[in-house]
Amino acid sequence: MNPILLIVFLPLAAAFVAGFSNKAFGATLPKILTTVALFTSAVLSWTIFLPFVAGTASPSVTPVFDWIRSGSLDIVWSLRVDALTAVMLVVITSVSALVHLYSWGYMEEDPDQPRFFAYLSLFTFAMLMLVTADNIVQMFFGWEGVGLASYLLIGFWFRKPSANAAAIKAFVVNRVGDLGFMLGIFGTYLVFNTVQIDEILRLAPGMSGSTIGFLWFRADTMTVLCLLLFVGAMGKSAQLGLHTWLPDAMEGPTPVSALIHAATMVTAGVFMVCRLSPMFEASPFAMTVVMTVGAATCFFAATVGLVQTDIKRVIAYSTCSQLGYMFFAAGVGAYGAAMFHLFTHAFFKALLFLGAGSVIHAMHHEQDMRHYGDLRKSIPLTFWAMMMGTLAITGVGLPGVIEGLPAIGFAGFHSKDAIIEGAWASGNMGASIVGMIVALLTSFYSWRLMFLTFWGKPRWATSEHIQHALHDAHGHGHDDHAHHDDHQHDAHGDGTGGYHPHESPWTMLVPLGLLSAGAVAAGFIFHGAFIEPTAGEEFWKGAVAFSEHLAHATHEVPLLVKLSAAIAWIIGLAGAYYAYIRAPELPAQIARSFSVVYDWLLHKWYFDELYDLLFVKPSFAIGRFFWHRGDEQTIDRFGPNGAAAFVASGSRLAGRMQTGYIYTYAFVMLIGLTAVVTWAIAS
């Protein structure tokens, strides 16, 4: 059997069995089944990816079945495998397999584990369908599948109101993006009379300069199509304007956050833009929009991440910012660098999220970093895993500025530097400078997270979660807890409150170890295939619009540009160290002195408040109007309720005429007989 069939459909089969068996076989069998299926898919994915890296593999298409035939529309469900697909297969299945294993420990006490593992596998299948699509309609199937699965996983704890609200928010915001994506698909079929990706990309350059009627004006054909498609990418990949769902997605279990942020849903938009890169290359204006939105998102999310106190939200805004890097790389034509950063980001972002989950697990579900401190001694393995992820995301490494010595560093160093240098080499110095600034901000908030969590004095006793754990451990109920003052909770006087954080089980630590290896070495090992001029051309083989000229030009940028990312992470580290280790009172002083800026960042640039004012409240008002005035007072009043009231009134009137006296009935009969005779005579 073709390996690609097993890679794609094993997760679906596992999800089907785990989901429909529910609790009939307990939790263990669904966990084993889904985890084994994902590890099998991951191993097979690496056997596809590595030959592409070695240059021995060629693109292929595997037909599965005839799907749609209507007029000129002929769609065969096929699985496409090329270098771009191979990269995504490795990212999706590797991270998903490790998330499945990690969830054995993290979700151990959850009563709905079969449902959770079924959703994880379904999510993976939907993303695999998206990246193996041979036509844009099939891609849309996977696109909507990941939207559905994300809704189910974000709202997994459906008895929790905030989780339900977050799931609905993600679903609704993505519907906005999906509307643009659908219009882009319709327009693409209208222009090219095909939905086959190969054929569309072959014809796209020839449409450059043509126009199409859109709304009330005519516009450049490729610009309209690309911008509509990009709206879909903005929704799925949480770009500025359609980003508001991503931080709230933290309401789902931590393994879900890792899967969404590192390997599945948010990478879909980047993948789509790179897959359709020849279309975007035909529209310079669309490329500029992609670059601008990406750079703006990159900066926005990094500034908000500076002030977050929830450990998962810091990493969530980091994801939003790193996605901005990927998009502005694509916008300047550095598609290889965009995919390279997606590839390395999968390792270190999954590592950071799962590491954060291990911290939360150790701290009895506490997520506020203000209640952490000095945890490196209690959970050393988690600490070192988080350290590897931090070194990777901040781009620690030695630039290859000395002739004869190669650049060497952690994963993010190779991919982030490639983006900054690629933007400069393409002539987009502004985007490159934004990338440098964001590299500094990324370093600051990443080391801030590390210092607040693993250094300083323990602040555990101030956490309500820890207090509950201590009281439960000593046999006290929550009512007893309510009568204790805060100072009584820290009877030891050392900030610990007597609590002892515990290291996570091996099922959680093994994924952290494997992801740490990726965060350390993935950039150095694979950078040649992704971004080097000759090796990159041989690796991609037309899967993306790889520019060998731009790849050469990145090596010719000024020395200061090559050193910029290194300078940025050093300044960020020094600033975070001074603010949170040497002078821990400084952040509070700055927040008070610059309260307007601090509130602006703390409220995430007031996007949620603005959208609530412009869209949410008017929508609710319109809904209430149609509910009360339209439904209750019009449709119900004159429809079913009115008919029922008429029948009831008629029944009561008829009831009054039923007196029970014979002479009354005789009188009515006489009136009726008189009326009939009168009518007969008149006729």
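Coordinates for the structure precede this section.
Keep in mind that this is a model prediction, so the values were computed, not measured.

On to the overall build of the protein chain. Within the protein chain, the secondary structure is distributed over 30 helices and six strands. For the protein chain, the spread of C-alpha atoms along the three principal axes comes to 120 × 75 × 55 Å. Across the 683 residues that make up the protein chain, the buried fraction comes to 54%. A fraction of 76% describes how many contacts in the protein chain between residues 6 or more apart in sequence connect residues 24 or more apart. For the protein chain, the accessible surface area stands at approximately 29000 Å², while carbon and sulfur atoms represent 68% of it. Within the protein chain, the 45 negative side-chain charges are centred at a point lying 6 Å from the centre of the 34 positive side-chain charges.

Let's shift gears to the pattern of salt bridges. Pairing of side chains with opposite charge becomes possible as their charged atoms draw close. This structure, assessed with the given rule, holds 20 salt bridges. Notably, a salt bridge pairs Asp 112 with Arg 115, separated by 3.3 Å at the nearest N-O pair. As far as burial versus exposure is concerned, Asp 112 and Arg 115 are alike and both buried. Overlapping salt bridges, with partners in common, bring together Arg 80, Asp 82, Asp 134, Asp 198 and Arg 275 in one network.

All right, on to the packing of aromatic side chains then. Within the structure shown, the criterion is met by 44 aromatic pairs. Within the aromatic cluster, the residues linked to one another by ring pairs are Trp 46, Phe 49, Phe 340, Phe 343, Phe 347, Phe 526, Phe 530, Phe 539 and Trp 540. In this arrangement the basic side chain of Lys 31 is found over the ring face of Trp 104, its NZ or CZ atom lying 4.6 Å from the centre. Across the ring face of Phe 171, the terminal group of Arg 175 is positioned such that the distance to the ring centre comes to 4.3 Å.

Here the focus is the side chain of Gln 467. Relative to the helices and strands, Gln 467 resides in helix H19 (residues 464-473). Under the relative-accessibility criterion, Gln 467 is labelled buried at 5%. There is a polar contact of 2.9 Å between the side chain of Gln 467 and the backbone oxygen of Ala 461.

Together, Leu 610, Leu 613, Leu 614, Phe 615, Val 616 and Phe 620 line one region of the surface with nonpolar side chains, adding up to about 590 Å² of accessible area. Judged by its relative accessible area of 52%, Phe 620 falls in the exposed class.

What follows covers helix H25 (residues 559-582). In an α-helix there are 3.6 residues to a turn, and that puts residues three or four apart on one side. Here H25 is 24 residues long and its end C-alpha atoms lie 32 Å apart, about the 34 Å a rise of 1.5 Å per residue gives. Within H25, the axis deviates most sharply at Ala 565, by approximately 35°. Regarding H25, the residues found buried are Val 561, Lys 562, Ser 564, Ala 565, Ala 566, Ala 568, Trp 569, Gly 572, Ala 576, Ala 579 and Tyr 580. In this structure, the buried residues of H25 make contact with strand E5 (397-398), helix H17 (411-425), helix H18 (429-454) and helix H26 (586-593).

Glancing now at the nonpolar core. Trp 245, Met 279, Phe 280, Phe 343, Phe 530 and Trp 540 are the most contacted members of the largest nonpolar core, which totals 205 residues. The element contributing the most residues to this core is helix H15 (residues 335-362), with 19 residues. For Trp 540, the residues in contact, after removing those within four places along its chain, are Ala 83, Leu 84, Val 87, Gly 336, Met 339, Ala 529, Phe 530 and Phe 546.

Calculation criteria
- Residues numbered from 1 in each chain as written.
- Predicted model: local features only at pLDDT ≥ 70, side-chain atom pairs only at ≥ 80, totals over all residues.
- Heavy atoms only, no water.
- Helix = DSSP H or I, 4+ residues; strand = E, 2+ residues; numbered from the N terminus.
- Buried < 20%, exposed > 50% of the residue type's maximum accessible area, 1.4 Å probe, protein only.
- Contact = heavy atoms within 4.5 Å.
- Areas by Shrake-Rupley, 256 points an atom, 1.4 Å probe, with all protein chains shown as cover.
- Lys, Arg positive; Asp, Glu negative; His and termini not counted.
- Charge placed at Lys NZ, Arg CZ, Asp CG, Glu CD.
- Salt bridge = Lys/Arg side-chain N within 4 Å of Asp/Glu carboxyl O.
- Phe/Tyr/Trp six-rings, centres within 6.5 Å; stacked < 30°, edge-to-face > 60°.
- Lys NZ or Arg CZ within 6 Å of the ring centre and 35° of its normal.
- Polar contact = N/O pair within 3.5 Å; in protein donor to acceptor, adjacent residues only side chain to side chain.
- Patch = residues over 30% accessible without salt bridge, like charges linked within 9 Å, V, L, I, M, F, W, Y side chains within 5 Å.
- Expected span 1.5 Å × (residues − 1).
- Bend = angle between axes of the 7 residues up to and from the residue.
- Core = buried A, V, L, I, M, F, W, Y, C linked by side-chain atoms within 4.5 Å.

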